[in-house]
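Listed below are the residues making up each chain.
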Amino acid sequence: MIQSLRQIKSKIRNIENVRKVTHAMEMIATAKFKTIENQVLISRQYLAKVEELLYNLLAHRGALNLPLLNRRDNQDKIILCVIASDTGLCSTYNSDMFCCVEDYIRQEGSKTIEVVAVGKKAFNYFKKRNLKIRESFLEFHGRYSEGIACQILNILIEYFVCGDIDSVVLAYTHFETASRHKVKLEKLFPIEAREQEMHFMLFEPDVQKITEDLIPVFVFNKIKTILLESFASEHASRMMAMGEATENARGLLEDMILLRNKVRQANITNEILEISSTAEALR
Amino acid sequence: MAKEFHLTVLSPTKSLYNGKVVSLVAPAALGYLGILADHAPLIAGLKKGKIMIKESSGGDVLLETQTRGFLEVKNNNVTIILDRPSGVC
(Lines give C-alpha, C1' and ligand atoms only; values in the text may rest on other atoms or scores of the structure.)
Protein backbone atom coordinates (compact mmCIF):
# COMPACT_ATOMS: atom_id res chain seq x y z
CA MET A 1 0.00 0.00 0.00
CA ILE A 2 1.19 3.52 -0.78
CA GLN A 3 0.28 5.00 2.57
CA SER A 4 0.59 3.29 5.86
CA LEU A 5 -2.43 2.98 8.10
CA ARG A 6 -0.83 5.28 10.63
CA GLN A 7 -0.31 8.07 8.09
CA ILE A 8 -3.93 7.87 7.00
CA LYS A 9 -5.14 7.95 10.59
CA SER A 10 -3.15 11.07 11.39
CA LYS A 11 -4.47 12.70 8.22
CA ILE A 12 -8.02 11.91 9.28
CA ARG A 13 -7.36 13.47 12.67
CA ASN A 14 -6.01 16.62 11.00
CA ILE A 15 -8.97 16.96 8.69
CA GLU A 16 -11.31 16.46 11.61
CA ASN A 17 -9.62 19.27 13.50
CA VAL A 18 -9.81 21.61 10.53
CA ARG A 19 -13.45 20.76 10.12
CA LYS A 20 -14.12 21.58 13.75
CA VAL A 21 -12.37 24.92 13.42
CA THR A 22 -14.17 25.93 10.23
CA HIS A 23 -17.46 24.80 11.68
CA ALA A 24 -16.89 26.88 14.79
CA MET A 25 -16.00 29.90 12.66
CA GLU A 26 -19.14 29.38 10.65
CA MET A 27 -21.24 29.33 13.80
CA ILE A 28 -19.58 32.48 15.14
CA ALA A 29 -20.06 34.30 11.85
CA THR A 30 -23.68 33.20 11.76
CA ALA A 31 -24.32 34.50 15.25
CA LYS A 32 -22.67 37.84 14.49
CA PHE A 33 -24.52 38.07 11.20
CA LYS A 34 -27.90 37.45 12.81
CA THR A 35 -27.42 40.22 15.35
CA ILE A 36 -26.28 42.74 12.76
CA GLU A 37 -28.79 41.85 10.04
CA ASN A 38 -31.73 43.44 11.83
CA GLN A 39 -29.78 46.57 12.61
CA VAL A 40 -28.95 46.95 8.93
CA LEU A 41 -32.58 46.82 7.89
CA ILE A 42 -33.73 49.33 10.51
CA SER A 43 -30.84 51.65 9.90
CA ARG A 44 -31.42 51.50 6.15
CA GLN A 45 -35.10 52.36 6.55
CA TYR A 46 -34.24 55.28 8.82
CA LEU A 47 -31.56 56.56 6.47
CA ALA A 48 -33.90 56.36 3.49
CA LYS A 49 -36.35 58.66 5.28
CA VAL A 50 -33.66 61.11 6.32
CA GLU A 51 -32.26 61.09 2.81
CA GLU A 52 -35.66 61.77 1.28
CA LEU A 53 -36.22 64.64 3.66
CA LEU A 54 -32.78 66.09 2.99
CA TYR A 55 -33.14 65.98 -0.78
CA ASN A 56 -36.54 67.61 -0.48
CA LEU A 57 -34.92 70.38 1.51
CA LEU A 58 -31.98 70.72 -0.86
CA ALA A 59 -34.35 71.06 -3.80
CA HIS A 60 -35.74 74.17 -2.05
CA ARG A 61 -32.36 75.62 -1.28
CA GLY A 62 -32.19 79.36 -1.29
CA ALA A 63 -28.79 80.70 -0.46
CA LEU A 64 -27.70 77.71 1.54
CA ASN A 65 -24.12 78.10 2.51
CA LEU A 66 -23.04 75.20 4.64
CA PRO A 67 -19.51 73.80 4.75
CA LEU A 68 -20.51 70.25 3.84
CA LEU A 69 -22.46 71.38 0.76
CA ASN A 70 -19.62 73.47 -0.62
CA ARG A 71 -18.66 72.35 -4.09
CA ARG A 72 -15.04 72.97 -4.99
CA ASP A 73 -14.19 74.29 -8.43
CA ASN A 74 -11.57 71.71 -9.17
CA GLN A 75 -12.10 68.16 -8.00
CA ASP A 76 -8.51 67.02 -7.93
CA LYS A 77 -8.01 65.74 -4.44
CA ILE A 78 -10.12 62.83 -3.40
CA ILE A 79 -10.23 60.95 -0.16
CA LEU A 80 -11.33 57.39 -0.65
CA CYS A 81 -12.65 55.74 2.48
CA VAL A 82 -12.36 52.00 1.95
CA ILE A 83 -14.10 49.60 4.29
CA ALA A 84 -12.69 46.07 4.31
CA SER A 85 -12.29 43.43 6.98
CA ASP A 86 -9.63 42.91 9.63
CA THR A 87 -9.27 39.20 9.15
CA GLY A 88 -9.29 36.97 6.12
CA LEU A 89 -11.15 33.73 5.44
CA CYS A 90 -14.15 35.53 4.08
CA SER A 91 -14.14 34.41 0.47
CA THR A 92 -14.03 37.22 -2.08
CA TYR A 93 -15.23 39.96 0.26
CA ASN A 94 -11.94 41.86 0.31
CA SER A 95 -10.73 41.06 -3.18
CA ASP A 96 -14.01 42.25 -4.73
CA MET A 97 -13.61 45.49 -2.86
CA PHE A 98 -10.03 46.05 -4.03
CA CYS A 99 -10.99 45.13 -7.59
CA CYS A 100 -13.65 47.85 -7.68
CA VAL A 101 -11.34 50.36 -6.01
CA GLU A 102 -8.66 49.65 -8.63
CA ASP A 103 -11.20 50.29 -11.38
CA TYR A 104 -12.13 53.56 -9.76
CA ILE A 105 -8.51 54.65 -9.38
CA ARG A 106 -7.91 53.84 -13.05
CA GLN A 107 -10.95 55.91 -14.04
CA GLU A 108 -9.86 58.89 -11.98
CA GLY A 109 -6.28 58.48 -13.07
CA SER A 110 -5.32 62.13 -13.18
CA LYS A 111 -6.51 62.98 -9.70
CA THR A 112 -4.71 62.66 -6.42
CA ILE A 113 -6.30 59.93 -4.38
CA GLU A 114 -5.58 59.35 -0.75
CA VAL A 115 -7.03 56.60 1.35
CA VAL A 116 -8.70 56.29 4.71
CA ALA A 117 -8.48 52.59 5.43
CA VAL A 118 -10.97 50.83 7.66
CA GLY A 119 -9.80 47.31 8.42
CA LYS A 120 -6.38 45.71 8.43
CA LYS A 121 -6.80 44.13 5.00
CA ALA A 122 -7.42 47.52 3.41
CA PHE A 123 -4.47 49.02 5.26
CA ASN A 124 -2.07 46.28 4.15
CA TYR A 125 -3.31 46.34 0.59
CA PHE A 126 -2.85 50.07 0.07
CA LYS A 127 0.45 50.08 1.89
CA LYS A 128 1.73 47.46 -0.50
CA ARG A 129 0.32 49.43 -3.41
CA ASN A 130 2.11 52.58 -2.29
CA LEU A 131 -1.00 54.71 -2.10
CA LYS A 132 -0.90 57.37 0.55
CA ILE A 133 -2.89 56.34 3.61
CA ARG A 134 -4.08 59.36 5.51
CA GLU A 135 -5.61 57.53 8.40
CA SER A 136 -6.42 53.98 9.31
CA PHE A 137 -8.94 52.39 11.61
CA LEU A 138 -8.02 48.87 12.60
CA GLU A 139 -9.24 46.09 14.86
CA PHE A 140 -12.99 46.54 14.66
CA HIS A 141 -13.52 42.90 13.73
CA GLY A 142 -16.95 43.61 12.36
CA ARG A 143 -18.30 44.88 15.65
CA TYR A 144 -20.21 48.09 15.21
CA SER A 145 -20.47 50.78 17.85
CA GLU A 146 -21.49 54.44 17.74
CA GLY A 147 -17.95 55.40 18.72
CA ILE A 148 -16.48 53.92 15.56
CA ALA A 149 -18.89 55.77 13.32
CA CYS A 150 -18.21 59.04 15.17
CA GLN A 151 -14.44 58.63 14.87
CA ILE A 152 -14.56 57.98 11.14
CA LEU A 153 -17.08 60.72 10.52
CA ASN A 154 -15.11 63.33 12.45
CA ILE A 155 -11.93 62.57 10.55
CA LEU A 156 -13.70 62.75 7.17
CA ILE A 157 -15.44 66.01 8.05
CA GLU A 158 -12.17 67.49 9.26
CA TYR A 159 -10.42 66.61 6.01
CA PHE A 160 -13.19 68.04 3.91
CA VAL A 161 -13.95 71.20 5.86
CA CYS A 162 -10.55 72.22 7.17
CA GLY A 163 -8.29 70.46 4.75
CA ASP A 164 -7.44 70.65 1.11
CA ILE A 165 -9.69 67.79 0.05
CA ASP A 166 -12.24 68.37 -2.71
CA SER A 167 -14.42 65.35 -2.25
CA VAL A 168 -14.84 62.30 -0.07
CA VAL A 169 -15.86 58.99 -1.61
CA LEU A 170 -16.94 55.93 0.34
CA ALA A 171 -16.22 52.42 -0.88
CA TYR A 172 -18.31 49.83 0.92
CA THR A 173 -20.08 46.55 0.36
CA HIS A 174 -23.80 46.84 -0.08
CA PHE A 175 -25.61 44.01 1.62
CA GLU A 176 -28.44 42.43 -0.40
CA THR A 177 -28.94 38.91 0.87
CA ALA A 178 -26.75 36.52 2.82
CA SER A 179 -25.19 35.25 -0.39
CA ARG A 180 -25.32 38.42 -2.46
CA HIS A 181 -23.45 41.63 -1.84
CA LYS A 182 -22.20 44.31 -4.12
CA VAL A 183 -19.35 46.76 -3.81
CA LYS A 184 -20.50 50.34 -4.12
CA LEU A 185 -18.71 53.65 -4.39
CA GLU A 186 -20.63 56.68 -3.25
CA LYS A 187 -19.73 60.30 -2.90
CA LEU A 188 -20.27 61.53 0.65
CA PHE A 189 -18.99 65.09 0.52
CA PRO A 190 -19.87 67.52 -0.89
CA ILE A 191 -23.51 66.63 -0.44
CA GLU A 192 -25.17 67.31 -3.76
CA ALA A 193 -28.81 67.97 -4.47
CA ARG A 194 -30.58 65.47 -6.68
CA GLU A 195 -32.45 66.45 -9.77
CA GLN A 196 -36.04 66.36 -8.62
CA GLU A 197 -39.22 68.30 -8.93
CA MET A 198 -39.79 71.08 -6.50
CA HIS A 199 -43.10 70.84 -4.72
CA PHE A 200 -44.74 73.53 -2.71
CA MET A 201 -43.87 73.12 0.93
CA LEU A 202 -44.13 74.85 4.28
CA PHE A 203 -41.13 75.04 6.56
CA GLU A 204 -40.90 75.60 10.25
CA PRO A 205 -38.83 77.50 11.28
CA ASP A 206 -37.10 77.82 7.86
CA VAL A 207 -35.19 75.83 5.22
CA GLN A 208 -31.76 76.95 6.37
CA LYS A 209 -32.28 76.00 10.01
CA ILE A 210 -33.83 72.63 9.30
CA THR A 211 -31.12 71.75 6.79
CA GLU A 212 -28.44 72.75 9.28
CA ASP A 213 -30.00 70.45 11.85
CA LEU A 214 -30.65 67.60 9.46
CA ILE A 215 -27.22 67.36 7.85
CA PRO A 216 -25.40 66.04 10.95
CA VAL A 217 -28.13 63.45 11.42
CA PHE A 218 -27.83 62.48 7.76
CA VAL A 219 -24.06 62.11 7.62
CA PHE A 220 -23.88 60.21 10.88
CA ASN A 221 -26.54 57.76 9.80
CA LYS A 222 -24.96 57.43 6.39
CA ILE A 223 -21.67 56.33 7.92
CA LYS A 224 -23.48 54.11 10.39
CA THR A 225 -25.49 52.41 7.66
CA ILE A 226 -22.55 51.76 5.38
CA LEU A 227 -20.51 50.38 8.27
CA LEU A 228 -23.36 48.08 9.24
CA GLU A 229 -23.86 47.00 5.64
CA SER A 230 -20.17 46.25 5.23
CA PHE A 231 -19.96 44.35 8.50
CA ALA A 232 -23.08 42.36 7.68
CA SER A 233 -21.62 41.48 4.27
CA GLU A 234 -18.35 40.48 5.90
CA HIS A 235 -20.04 38.14 8.35
CA ALA A 236 -22.26 36.74 5.63
CA SER A 237 -19.26 36.08 3.33
CA ARG A 238 -17.39 34.42 6.14
CA MET A 239 -20.43 32.35 7.02
CA MET A 240 -20.74 31.11 3.43
CA ALA A 241 -17.00 30.52 2.99
CA MET A 242 -16.67 28.60 6.23
CA GLY A 243 -19.83 26.63 5.49
CA GLU A 244 -18.32 25.54 2.21
CA ALA A 245 -15.01 24.71 3.87
CA THR A 246 -16.80 22.55 6.44
CA GLU A 247 -18.63 20.79 3.65
CA ASN A 248 -15.39 20.15 1.75
CA ALA A 249 -13.70 18.84 4.87
CA ARG A 250 -16.60 16.47 5.38
CA GLY A 251 -16.23 15.16 1.83
CA LEU A 252 -12.49 14.72 2.27
CA LEU A 253 -13.07 12.94 5.56
CA GLU A 254 -15.45 10.47 3.96
CA ASP A 255 -12.91 9.61 1.26
CA MET A 256 -10.18 9.23 3.84
CA ILE A 257 -12.25 6.93 6.03
CA LEU A 258 -13.02 4.78 3.01
CA LEU A 259 -9.32 4.60 2.19
CA ARG A 260 -8.49 3.78 5.81
CA ASN A 261 -10.93 0.88 5.81
CA LYS A 262 -9.56 -0.43 2.55
CA VAL A 263 -6.00 -0.31 3.81
CA ARG A 264 -7.03 -2.00 7.04
CA GLN A 265 -8.76 -4.76 5.13
CA ALA A 266 -5.75 -5.20 2.90
CA ASN A 267 -3.51 -5.45 5.96
CA ILE A 268 -5.74 -8.09 7.53
CA THR A 269 -5.88 -10.06 4.32
CA ASN A 270 -2.12 -9.86 4.13
CA GLU A 271 -1.70 -11.10 7.66
CA ILE A 272 -4.07 -14.01 7.15
CA LEU A 273 -2.22 -14.90 3.99
CA GLU A 274 1.06 -14.80 5.85
CA ILE A 275 -0.23 -16.93 8.72
CA SER A 276 -1.82 -19.50 6.47
CA SER A 277 1.21 -19.74 4.23
CA THR A 278 3.54 -20.12 7.22
CA ALA A 279 1.27 -22.79 8.64
CA GLU A 280 1.40 -24.51 5.26
CA ALA A 281 5.17 -24.27 5.18
CA LEU A 282 5.59 -25.66 8.71
CA ARG A 283 3.52 -28.75 8.01
CA MET B 1 -66.02 59.57 10.97
CA ALA B 2 -63.00 61.83 10.90
CA LYS B 3 -60.64 61.46 8.01
CA GLU B 4 -57.47 59.57 8.80
CA PHE B 5 -53.85 59.66 7.68
CA HIS B 6 -50.80 57.49 8.02
CA LEU B 7 -48.20 58.15 10.69
CA THR B 8 -44.73 56.65 11.07
CA VAL B 9 -42.45 57.48 13.97
CA LEU B 10 -38.86 56.34 13.45
CA SER B 11 -35.84 56.38 15.72
CA PRO B 12 -32.40 55.20 14.54
CA THR B 13 -32.83 51.86 16.27
CA LYS B 14 -36.48 51.03 15.84
CA SER B 15 -39.83 51.98 14.46
CA LEU B 16 -41.80 53.47 17.34
CA TYR B 17 -45.18 53.88 15.73
CA ASN B 18 -46.74 52.89 12.47
CA GLY B 19 -50.43 53.16 11.76
CA LYS B 20 -53.53 55.11 10.83
CA VAL B 21 -54.30 58.10 12.98
CA VAL B 22 -56.88 60.86 13.12
CA SER B 23 -54.87 63.63 14.67
CA LEU B 24 -51.40 64.40 15.86
CA VAL B 25 -49.91 67.08 18.07
CA ALA B 26 -46.16 67.49 17.96
CA PRO B 27 -43.68 69.90 19.60
CA ALA B 28 -42.46 71.83 16.54
CA ALA B 29 -39.66 74.35 16.73
CA LEU B 30 -42.01 77.30 17.14
CA GLY B 31 -44.51 75.63 19.46
CA TYR B 32 -46.90 72.75 19.51
CA LEU B 33 -48.36 71.93 16.13
CA GLY B 34 -51.61 70.10 15.44
CA ILE B 35 -51.99 68.03 12.31
CA LEU B 36 -55.16 66.61 10.79
CA ALA B 37 -55.73 64.81 7.51
CA ASP B 38 -55.15 66.80 4.30
CA HIS B 39 -52.58 69.05 5.92
CA ALA B 40 -50.44 71.07 3.50
CA PRO B 41 -46.96 69.66 2.76
CA LEU B 42 -44.67 70.65 5.60
CA ILE B 43 -41.23 70.01 6.98
CA ALA B 44 -40.67 71.05 10.56
CA GLY B 45 -38.01 70.68 13.19
CA LEU B 46 -39.13 69.15 16.47
CA LYS B 47 -38.03 69.98 19.97
CA LYS B 48 -38.22 67.57 22.83
CA GLY B 49 -41.66 67.28 24.29
CA LYS B 50 -44.80 65.25 24.00
CA ILE B 51 -46.17 63.75 20.82
CA MET B 52 -49.89 63.16 21.20
CA ILE B 53 -51.55 60.77 18.81
CA LYS B 54 -55.27 60.06 18.37
CA GLU B 55 -55.66 56.72 16.67
CA SER B 56 -58.41 55.78 14.23
CA SER B 57 -59.56 53.10 16.65
CA GLY B 58 -60.25 55.79 19.23
CA GLY B 59 -57.22 55.17 21.45
CA ASP B 60 -54.75 57.81 22.53
CA VAL B 61 -50.99 57.36 22.43
CA LEU B 62 -48.54 59.63 24.16
CA LEU B 63 -44.87 59.56 23.24
CA GLU B 64 -42.51 61.64 25.31
CA THR B 65 -39.39 62.47 23.35
CA GLN B 66 -36.05 63.40 24.87
CA THR B 67 -34.36 64.42 21.66
CA ARG B 68 -34.83 66.67 18.71
CA GLY B 69 -36.37 65.41 15.55
CA PHE B 70 -37.99 66.22 12.25
CA LEU B 71 -41.50 66.00 10.95
CA GLU B 72 -42.62 65.71 7.37
CA VAL B 73 -46.15 65.91 6.04
CA LYS B 74 -46.73 64.82 2.48
CA ASN B 75 -49.91 63.52 0.82
CA ASN B 76 -51.50 62.40 4.07
CA ASN B 77 -48.34 60.59 5.08
CA VAL B 78 -46.67 61.92 8.18
CA THR B 79 -43.20 60.83 9.17
CA ILE B 80 -41.50 61.77 12.39
CA ILE B 81 -37.77 61.12 12.61
CA LEU B 82 -36.15 61.28 16.03
CA ASP B 83 -32.43 61.82 15.99
CA ARG B 84 -31.37 59.63 18.90
CA PRO B 85 -32.30 56.11 19.89
CA SER B 86 -33.13 56.55 23.56
CA GLY B 87 -35.57 59.25 22.67
CA VAL B 88 -38.80 57.96 24.04
CA CYS B 89 -39.98 56.98 27.45
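Since the model is a prediction, treat every value here as computed from it, not as a measurement.

Cut-offs and rules
Residues numbered from 1 in each chain as written. Chains lettered and ligands numbered in written order. Predicted model: local features only at pLDDT ≥ 70, side-chain atom pairs only at ≥ 80, totals over all residues. Heavy atoms only, no water. Phe/Tyr/Trp six-rings, centres within 6.5 Å; stacked < 30°, edge-to-face > 60°. Lys NZ or Arg CZ within 6 Å of the ring centre and 35° of its normal. Pairing = 2+ DSSP bridges. Helix = DSSP H or I, 4+ residues; strand = E, 2+ residues; numbered from the N terminus. Contact = heavy atoms within 4.5 Å. Buried area = accessible area lost by both parts, 1.4 Å probe. Salt bridge = Lys/Arg side-chain N within 4 Å of Asp/Glu carboxyl O. Polar contact = N/O pair within 3.5 Å; in protein donor to acceptor, adjacent residues only side chain to side chain. Nonpolar A, V, L, I, M, F, W, Y, C, P; charged D, E, K, R; others polar. Axes fitted to C-alpha atoms, helices over the stretch in contact; angles between N-to-C directions. Parallel < 35°, antiparallel > 145°, perpendicular 65-115°, else oblique. Left-handed = near helix turned anticlockwise from the far one by under 90°. Core = buried A, V, L, I, M, F, W, Y, C linked by side-chain atoms within 4.5 Å. Buried < 20%, exposed > 50% of the residue type's maximum accessible area, 1.4 Å probe, protein only. Domains from an automatic or database assignment.

With respect to the packing of aromatic side chains
Residues and elements named next belong to chain A. Across all of its chains, the model carries 6 aromatic pairs over all chains by this definition. Aromatic rings pair up to connect Phe98, Tyr125 and Phe126 into one cluster. Note that Arg134 overlies the ring of Tyr159, its terminal NZ or CZ placed 4.8 Å from the centroid.

Section: the pairing of strand β2 (residues 15-28) of chain B
All names here are of chain B. By the bridge criterion, 6 bridges tie strand β1 (residues 5-10) to β2 in an arrangement that is antiparallel. Looking at β2, one finds that Leu7 is bridged to Gly19. Hairpin remark: β1 followed by β2, antiparallel, with 4 residues in the connecting loop. Where β2 lies against strand β5 (residues 49-55), 4 bridges are found, and the strand directions are antiparallel. By the bridge assignment, Val21 is partnered in β5 with Glu55. Of the pairings in the sheet, the one linking β2 to strand β3 (residues 31-36) comprises 6 bridges and is antiparallel in character. Each residue of the ladder has a partner; that of Ser23, found in β3, is Leu36.

Details of the interface of chain B and chain A
Contact with chain B, which involves 25 residues of that partner, is made by 22 residues of chain A. Looking at the side of chain B facing chain A, the largest losses of area belong to Ile43, Phe70 and Ile81 of chain B, adding up to 31% of the total buried there. Linking chain B with chain A are 2 salt bridges. Asp213 of chain A is the salt-bridge partner of Arg68 of chain B, the closest N and O atoms lying 3.4 Å from each other. Summed over the shared surface of chain B and chain A, the number is 8 residue pairs in polar contact (both at pLDDT 80 or more). Of all the secondary structure elements, the ones that give two or more residues to the side of chain B that touches chain A are β3, β4 (42-46), β7 (69-74) and β8 (77-82) of chain B. Tallied by class, the residues present in the side of chain B that touches chain A amount to 15 nonpolar, 5 polar and 5 charged. As judged from the 3 bridges shared by strand β6 (residues 202-204) of chain A and β4 of chain B, these two strands associate in the parallel manner. For Glu204 of chain A, the partnering residue across the bridge sits in β4 of chain B and is Ala44 of chain B.

Looking at the packing of helix α4 (residues 146-162) of chain A against helix α5 (residues 207-282) of chain A
Residues and elements named next belong to chain A. It is the contact of α4 with α5, at a shortest axis distance of 9 Å, that shows an interaxial angle of 120 degrees. If you check the angle between α4 and α5, you find them oblique. Handedness of the α4/α5 crossing: right-handed. Judged by residue contacts, Glu146, Ile148, Ala149, Cys150, Ile152, Leu153 and Leu156 of α4 engage Val219, Phe220, Ile223, Lys224 and Leu227 from α5. Here the residues of the contact of α4 with α5 are counted per class, giving 10 nonpolar, no polar and 2 charged.

Examining the environment of Ala40 of chain B
Residue placement: Ala40 of chain B occurs in the loop between β3 and β4. C-alpha of Ala40 of chain B to C-alpha of Leu82 of chain B: the two residues are 42 residues apart in sequence and 21 Å apart in space. Every residue in contact with Ala40 of chain B, bar those within four places of it in the chain, is listed here: Leu202 of chain A together with Val73 of chain B.

Brief notes about the packing of helix α2 (residues 93-107) of chain A against helix α3 (residues 120-128) of chain A
All names here are of chain A. Where α2 contacts α3, the axes come no closer than 11 Å and their chain directions differ by 45 degrees. On the basis of the axis angle, α2 is oblique to α3. The interaxial crossing formed by α2 with α3 has right-handed handedness. Between α2, through Asn94, Phe98, Val101 and Glu102, and α3, the contact on the second element is made entirely by Lys121, Ala122, Tyr125 and Phe126. Taken together, the residues of the contact of α2 with α3 break down into 5 nonpolar, 1 polar and 2 charged.

As for the nonpolar core
Of all hydrophobic cores here, the largest spans 61 residues; its most connected members are Ile152, Leu156, Val168, Phe189, Ile191, Ile223 and Leu227 of chain A. Secondary-structure elements contributing two or more residues to this core are α1 (5-59), β1 (77-83), β2 (112-118), α4, β4 (167-177), β5 (180-189) and α5 of chain A. By size, the runner-up hydrophobic cluster in this structure holds 22 residues, among which are Val9, Tyr17, Leu63 and Leu71 of chain B.

Notes on the domain arrangement of chain A
Think of interface size as the accessible area that goes away when the parts come together; that is how it is often given. Residue and element names in this part refer to chain A. As far as domains go, chain A holds domain 1 (5-25 + 244-282) and domain 2 (26-239). The distance between the C-alpha centroids of domain 1 and domain 2 comes to 52 Å. Each partner contributes to the interface: domain 1 provides 5 residues, whereas domain 2 provides 5 residues. When the buried area of domain 1 at its contact with domain 2 is split by residue, His23, Ala24 and Met25 rank highest and sum to 87% of it. For the interface between domain 1 and domain 2, the tally reads 0 salt bridges. At the boundary of domain 1 and domain 2, one finds 9 residue pairs in polar contact (both at pLDDT 80 or more). With 4 residues, α1 is the largest single contributor of residues to the side of domain 1 that touches domain 2. Its residues assigned to classes, the side of domain 1 that touches domain 2 shows 2 nonpolar, 3 polar and no charged.

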